[in-house]
Amino acid sequence: MSPRPAVAVLAALLWGGCAAAAPPPAATSVHPELWSVVAPPSPDAATEAFVQQLIAHMSLEDKVGQMIQADIASISPAELRTYKLGSILAGGNAAPGDSVRTSPQAWLDLTDDFYRASLAATSVEHPPIPILFGIDAVHGHAKIVGATIFPHNVGLGAAHDPGLIQRIGQATAEEVAATGIDWTFAPTVAVARDVRWGRSYESYSESPELVAEYATAMVTGLQGQFATPQFMAPGHTLSSVKHFLGDGGTLNGRDQGNTILPEAELRAVHGAGYPAAIKAGALIVMASYNSWNGVKMHANRYLLTDILKGETREQTIAIWR
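Not measured: the values here are computed from a predicted model. (Residues numbered from 1 in each chain as written. Predicted model: local features only at pLDDT ≥ 70, side-chain atom pairs only at ≥ 80, totals over all residues. Heavy atoms only, no water.)

## Overview of the pairing of strand E3 (residues 132–135)
Neither face of E3 is exposed, since Leu132 and Gly134 on one face and Phe133 and Ile135 on the opposite face are all buried. With four bridges joining them, strand E2 (residues 87–90) and E3 adopt parallel strand pairing. Paired with Ala90 across the strands is Ile135, a residue of E3. When E3 meets strand E4 (residues 183–184), the two strands line up parallel, connected through two bridges. Across the sheet, the residue bridging to Ile135 is Thr184, located in E4. (Buried < 20%, exposed > 50% of the residue type's maximum accessible area, 1.4 Å probe, protein only. Helix = DSSP H or I, 4+ residues; strand = E, 2+ residues; numbered from the N terminus. Pairing = 2+ DSSP bridges.)

This is the structure in structure tokens:
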């Protein structure tokens, strides 16, 4: 089953926008041969043709809008009719009516309102593009009253049971989808190297091999088994593999700090979860907030464009902040 059209549009926009790579900073070694070449899920020919036709008729404003994500605390469904954005996030304590104790039905009503508004934002040049709605359901649909909350990654890693992780991913996806939400920002595939890191509980293990194994399990649980009818079928959600790259290896465990490593070690340790997740069908990779050898990841064209999204490496994964 091919990715949803909105996902394919976003991936194509971000992939197609890659220009010739600028030289990396002198402090950063560059050895692209170290990295795995992993072909991500590809849409079928009909979907690919539809996406390319759609992009050809989109204005620059339309394309920019598709790359913007607004929080529900900052935009209403009515405003979405004017600002044709690509995705909506329920981040932090944002909730329908500013009530974190609101009902699952209120969440479903809100996501439906945003979806209808995105379809009503018509254009004479192209058909409307459905909004994608995302949430941090990283260990269960924690914002929803009555949803199941599971142990965080550090606890699941200690259980050493990939099958359990896959079932948790599936259960989480079912509860997320029941509220009309398309996308959860999980799994975190950080490899924690210093327990002083305030987000170390988000790491499955300090072992890159185990993190890769668990990444496969969680992506499969959330999105469904790749290359089967269950992949992205009803009851499943998009996953976001995060945070690319090196978030678990910062100096002294400082959050959003500097990961100081040779490129080979960065790839072998902190990059281990990504090829496994992409092989499992992961459709989205989230860029990180840390630096690598003094360069912020969001400014690291070599890692984000050449390595992760590089056209020559046959990768078309969407990058999200």
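There's more to say after this.
## A closer look at the packing of helix H7 (residues 162–178) against helix H8 (residues 208–223)
The geometry of a pair of packed helices is captured by two quantities: the angle between their axes and the separation between those axes. Remark: H7 packs on H8, axes separated minimally by 7 Å, with the N-to-C direction vectors making an angle of 30°. If you check the angle between H7 and H8, you find them roughly parallel. H7 and H8 meet at a crossing whose hand is right-handed. Residues Pro162, Ile165, Gln166, Ile168, Gly169, Gln170, Thr172 and Ala173 of H7 form the contact with H8, whose participating residues are Glu213, Tyr214, Ala217, Met218, Thr220, Gly221 and Leu222. For the contact of H7 with H8, the class distribution of residues is eight nonpolar, six polar and one charged. (Axes fitted to C-alpha atoms, helices over the stretch in contact; angles between N-to-C directions. Parallel < 35°, antiparallel > 145°, perpendicular 65-115°, else oblique. Left-handed = near helix turned anticlockwise from the far one by under 90°. Contact = heavy atoms within 4.5 Å. Nonpolar A, V, L, I, M, F, W, Y, C, P; charged D, E, K, R; others polar.)

## As for the sheet that holds strand E7 (residues 258–259)
In space, the three strands of this open sheet follow the order E7-E9-E10, with mixed pairing throughout. For this open sheet the edge positions go to E7 and strand E10 (295–296), each flanked by a neighbour on one side alone. Across two bridges, E7 lies against strand E9 (residues 291–292) in parallel orientation. Residue Asn258 lies in a different strand from E9, and its bridge partner there is Ser291.

## Examining the confidence of the model for the chain
For the chain, mean pLDDT is 87; residues scoring 70 or higher make up 86% of the total. Contacts from residues 11–24, a stretch scored under 50 in pLDDT, to residues over four places away or in other chains number 27 contacts. In the predicted structure, residues 311–321 sits below a pLDDT of 50 and forms 53 contacts with residues beyond four places in sequence or in another chain. (pLDDT = per-residue confidence, 0-100.)

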